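# Per-entry structural report
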Amino acid sequence: AANTVRLAMHPVDEFEAFARLADAGQSPEVIGERFGKATRHVLQILKLGHLDPKLLKECRAGNLTLDCLMAFAITDDRKRQIKIFRSLLESRSLNPRAIRAALTEAMAEAGSKLARFVGLDAYREAGGTIQSDLFSDAVYLENAALLNELAATRLDAIRRDLEAEGWGWVEISQERDWGFVNGCGQIHPALGEVPTELAAQREQLEAELSDIEQALEDTESDALADAYEQAQAKLAEVETRIDALAAFDPREMALAGCYVTIGHDGAPSIERGLVRKQDAKRLAKLAGEPAPAKPKGLP
């Protein structure tokens, strides 16, 4: 009867009790063993127990939901917690999504392309701090200014490497400007003399593929299909090695440039051989081509 009609404690009572145990020196592992809770669950409760007491009081009074408390737990800064609470309360937009958005406004997600470009290890080595959301898989980088500084440093290193290659200019942008890229012309590398060994390998593989295709037309065979795939892979590798031998004309490179940006996966994206409109005439003159005629009338 006692277990059936008993009144369960308020969740805030549990949060505060666990926080007192932690403040007394007990580790999350010890607390978890004592109450039969997983360590992560204990860490979550401790996060909630160390929120600003005013927020816990509002939750106890029924003015703040447990989901809202979880959202406030993203940061340990109690002053910021109260500031955001009062601001959202005045605007009548106090909900978990709005709380998280306000608290992480000056942070960067660890999965963002900028964070992946810099790398978490490099960010930590530079003194950057990371805040994890124990109630989700989200991880935030708190020092956004440092992250941008590290990204700029790495982009500048890429700029110097490209300038050393002999390019006339290097344009860098964290976000891709399609208008700039589409407004440029393009020069292409010219393939020099292919080494005899590579040329022989390519001819041999092309002949091998032709023979396998002929054999597959006569009969279906898993062994032939596997051999065809292997030959294709080898040919692709040889073609890649041959393509790598192509090189730009140094005279054209001096009039062309590169556009560097950060891809969605965080990898640097480099487009070589772009020609700006103001350099197109000089490039055409260099190649001995007539200058493009100006269009007449309406476009």
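We now turn to the structure provided with this report. (Residues numbered from 1 in each chain as written. Predicted model: local features only at pLDDT ≥ 70, side-chain atom pairs only at ≥ 80, totals over all residues. Heavy atoms only, no water.)

### So, the overall build of the protein chain
Condition: Note on conventions: DSSP H or I runs of at least 4 residues are helices, E runs of at least 2 residues are strands, and numbering of each starts at the N terminus. Our radius of gyration is a C-alpha quantity, and the globule rule it is checked against amounts to 2.2 Å times the number of residues to the power 0.38. Burial classes: relative accessible area under 20% of the type maximum marks a residue as buried, over 50% as exposed, and values in between as partly exposed (1.4 Å probe, protein chains only). Contacts were defined at the residue level, with two residues in contact if any of their heavy atoms lie within 4.5 Å.
Within the protein chain, the regular secondary structure consists of 16 helices and 7 strands. Against the 2.2 N^0.38 benchmark of 19 Å for 299 residues, the protein chain shows a C-alpha radius of gyration of 31 Å, more extended than a compact globule. Across its three principal axes, the protein chain shows a C-alpha extent of roughly 90 × 60 × 45 Å. When each of the 299 residues of the protein chain is scored for burial, the buried share is 32%. Taking as baseline every contact in the protein chain between residues at least 6 positions apart, the subset at least 24 positions apart corresponds to 66%.

### Examining the packing of helix 2 (residues 11-23) against helix 3 (residues 28-35)
Note the following rule: Here an axis means a line fitted to C-alpha atoms, over the contact stretch when the element is a helix, while the angle between two N-to-C directions is reported on a 0 to 180 degree scale. Each angle receives one of four descriptions, namely roughly parallel if under 35 degrees, roughly antiparallel if over 145, roughly perpendicular if within 65 to 115, and oblique otherwise. Less than a right angle of anticlockwise turn of the near helix away from the far helix marks a crossing as left-handed, whereas a clockwise turn marks it as right-handed. Side-chain classes follow a simple rule in which Ala, Val, Leu, Ile, Met, Phe, Trp, Tyr, Cys and Pro form the nonpolar group, Asp, Glu, Lys and Arg form the charged group, and the remainder, Gly included, forms the polar group.
The geometry of helix 2 relative to helix 3 is characterised by a closest axis approach of 10 Å and an angle of 130° between their N-to-C directions. With respect to each other, helix 2 and helix 3 are oriented oblique. Along this stretch, helix 2 crosses helix 3, giving a crossing that reads as right-handed. Residues F18, L21 and A22 of helix 2 lie in contact with helix 3, whose contacting residues are I31, R34 and F35. Residue composition of the contact of helix 2 with helix 3, grouped by class: 5 nonpolar, no polar and 1 charged.

### Overview of the sheet that holds strand 7 (residues 268-275)
Threshold: Between any two strands, pairing holds if DSSP finds at least two bridges.
Spatial ordering of the open sheet is given by 4-6-7-5, a layout of 4 strands whose pairing is mixed. Of all the strands in the sheet, just strand 4 (169-172) and strand 5 (185-186) have a single pairing partner and so form its edges. Its contacts with the sheet place helix 11 (residues 144-165) against strand 4, strand 6 (257-262) and strand 7, and it is angled at close to 35° to strand 7.

### A closer look at helix 7 (residues 78-90)
What counts, and what does not: Under the convention used throughout, the expected extent of a helix is 1.5 Å for every residue step, that is, one less than its residue count. The directions from the helix axis to the C-beta atoms are what the arc is built from. Here a polar contact is recorded for every N or O atom pair within 3.5 Å, except that within protein the pair must consist of a potential hydrogen donor and a potential acceptor, and residues adjacent in sequence are included only if both atoms are side-chain atoms.
With 13 residues, helix 7 extends 18 Å from end C-alpha to end C-alpha; this agrees with the ideal 18 Å at 1.5 Å per step. Along helix 7, the residues that are buried comprise Q81, I82, I84, F85 and L88. Taken down its axis, helix 7 places every buried residue within 165° of arc, on the same side. Summarising the geometry of helix 7, the exposed residues directed more than 90 degrees from the buried face are K79, K83 and E90. The N-capping residue of helix 7, defined by a side-chain oxygen 3.1 Å from the backbone nitrogen of K79, is D77.

### Overview of the side chain of E252
Defined as follows: When charges are counted, Lys and Arg are positive and Asp and Glu negative, with His and the chain ends excluded. In the sections that follow, a salt bridge refers to a side-chain nitrogen of Lys or Arg positioned within 4 Å of a carboxyl oxygen of Asp or Glu.
Examined against the element boundaries, E252 turns out to sit in helix 15 (residues 250-253). No salt bridge is formed by the buried E252; the nearest opposite charge belongs to R251, separated by 6.4 Å. When sequence neighbours within four positions are dropped, the list of residues in contact with E252 reads I187, L283 and L286.

### Structural notes on the pattern of salt bridges
Throughout the structure, instances matching the rule amount to 14 salt bridges. A salt bridge links E175 to K113; the nearest nitrogen and oxygen atoms lie 3.1 Å apart. On the criterion of sequence distance, the pair formed by E175 in the loop between strand 4 and helix 12 (178-182) and K113 in helix 9 (residues 113-118) is long-range, its members being 62 residues apart. Between D121 and R124 there is a salt bridge, and its shortest N-O distance comes to 3.9 Å.

### Looking at unusual backbone geometry
Of note in the backbone geometry, R92 takes a positive phi value of approximately 55° without being a glycine. Within the element layout of this structure, R92 appears in the loop between helix 7 and helix 8 (96-103). Under the relative-accessibility criterion, R92 is labelled exposed at 79%.

### With respect to the state of the cysteines
What counts here: By convention in this document, the label disulfide applies to cysteine sulfur atom pairs within 2.5 Å.
For the structure on display, the rule yields 0 disulfides. Summary of cysteine pairing: C184 is not part of a disulfide, and the nearest cysteine sulfur, belonging to C258, is at 11 Å. Judged by its relative accessible area of 16%, C184 is buried. The exposure class of C258 is buried, given its relative accessible area of 0%.

### Quick word on the side chain of D52
Inspection of the secondary structure assignment puts D52 in the loop between helix 4 (39-49) and helix 5 (53-60). Although buried, D52 forms no salt bridge, and the nearest oppositely charged side chain, R78, lies 5.2 Å from it. A polar atom in the side chain of D52 sits 2.9 Å from the backbone nitrogen of K54.

### A few points about the packing of aromatic side chains
Heads up, the rule is: Any Phe, Tyr or Trp ring, taking Trp's six-membered ring, that has another such ring centre within 6.5 Å forms a pair; planes under 30 degrees apart are called stacked, those over 60 apart edge-to-face, and the others tilted. The rule for a charge over a ring is simple: NZ of Lys or CZ of Arg within 6 Å of the ring centre, and within 35 degrees of the ring normal.
As enumerated under the stated definition, the model contains 5 aromatic pairs in all. When the ring of W167 is compared with that of F248, the centres are 4.9 Å apart and the planes differ by 70°; the resulting orientation is edge-to-face. Residue W167 is found in the loop between helix 11 and strand 4, and its partner F248 is found in the loop between helix 14 (222-243) and helix 15; the two are separated by 81 residues along the sequence. Using a relative accessible area of 5% as the deciding quantity, one classes W167 as buried. Grouped by ring-pair contacts, the aromatic residues W169, F180 and Y259 constitute a single cluster. Between R154 and the ring centre of F117, over which it is positioned, the NZ or CZ distance is 4.3 Å. In this structure, R176 is placed above the aromatic ring of W178, and the distance from its NZ or CZ to the ring centre is 3.9 Å.

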